Amino acid sequence: MDSGEREQSGESVESLVRVLEQGSDQDDVGYEALVSAARRLLRLRAPEALVPLVRWLTRTEPGTELYELLLAGLKDWGPEVVPATLEVLEATEEGESRFELFHVLSHCGARDERIYTALLALLEEEPFLGAVNLSAYGDARALELLSRALDAYALEDDVADVFAQQTVLELGFAIQELGGTLTPSQQLKLEAARRLGEEWNEMIDRWRGSRPERREPRPGRNEPCWCGSGVKYKKCHLGEDRGRLP
């Protein structure tokens, strides 16, 4: 690449970053510009674009074109995304938008004590999300804490608590994925969670058969699920609607 090409590329990156910093997803024109700018910046892998790209990931609705583009592109970027993602994570208050940041950190292929420490804190705050991301990160040092979390997590015999069931299953899966062995009591807890999950699915299937299914518009994460279960969308059909994150 000669000097003229480098200058042209630099100007292009600068203008594309401005689109991210000044862009809006409130109308079709603005949204298409954002998607186009993000796609080009991910292809160019310009380091100066990382923080704006990560910030947009926290602002974008799951299931949209921009969300899927950013999530896949950032985690595939590799370890270079870590400083920018940690910077945005530190500035992001506890809430749903942090999940995507942890997903990028745990899937980007980096080995960094800051990531491991953040994931252990997440396990304590949100056992479900902590288990999912620690499993992906792949550090067996987390086995003891995951085992403690599984022992401590109460699974009540309540079919409607689908989130509790899934948390137990994810904790068990993470332990096994990292090379650990479940105790007999943990095995029993997982079997109970699977049984309750099957009962929940049967109940929802019966309910669906009694009324037309309506999934649009998609509810907000903290709003009641579209299925009528009374459970928050994020704890019910959000994962099914967007597919489990790879």
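As the structure is a prediction and not an experimental result, all values here were calculated from the model.

Asker: What's the story with unusual backbone geometry in this structure? I'm lost.
Answerer: One non-glycine residue, Arg-45, adopts positive backbone phi at about 55°. Residue Arg-45 is classed as partly exposed on the basis of its relative accessible area of 40%.

Asker: It is not clear to me how the pattern of salt bridges should be interpreted in this structure. Could you clarify?
Answerer: Inspection of the entire model under this criterion finds 7 salt bridges. Among the ionic pairs, Arg-18 bridges to Glu-14, the shortest N-O distance being 3.3 Å. Note that Arg-18 and Glu-14 are positioned in helix α1 (residues 3–22) at a spacing of 4 residues, about one turn of the helix. Take Arg-18: its relative accessible area is 38%, and that puts it in the partly exposed class. Between Arg-141 and Glu-113 there is a salt bridge, with the nearest N and O atoms lying 2.7 Å from each other. In this pair, Arg-141 is assigned in the loop between α8 (127–137) and α9 (143–152) and Glu-113 in helix α7 (residues 113–125), connecting sequence segments 28 residues apart. The network of salt bridges with common partners includes Glu-113, Asp-139 and Arg-141.

Asker: What am I meant to see in α9 here?
Answerer: An α-helical turn contains 3.6 residues, so a residue and the one three or four places further along point in the same direction. All of the buried residues along α9 are Leu-146, Ala-149 and Leu-150. The buried residues of α9 occupy an angular sector of 100° when the element is viewed end-on, so they sit on one face. Pointing more than 90 degrees away from the buried face of α9 are the exposed residues Glu-144 and Ala-152.

Asker: How should I be thinking about α8 in this particular structure?
Answerer: Among the 11 residues that make up α8, 10 are buried, leaving the element largely enclosed by the rest of the structure. For α8, the complete set of buried residues consists of Pro-127, Phe-128, Leu-129, Gly-130, Ala-131, Val-132, Asn-133, Leu-134, Ser-135 and Tyr-137. Gly-138, located one to two residues past α8, shows a positive phi value of around 85°.

Cut-offs used in this document
Residues numbered from 1 in each chain as written. Predicted model: local features only at pLDDT ≥ 70, side-chain atom pairs only at ≥ 80, totals over all residues. Heavy atoms only, no water. Buried < 20%, exposed > 50% of the residue type's maximum accessible area, 1.4 Å probe, protein only. Salt bridge = Lys/Arg side-chain N within 4 Å of Asp/Glu carboxyl O. Helix = DSSP H or I, 4+ residues; strand = E, 2+ residues; numbered from the N terminus. Arc of directions from axis to C-beta.

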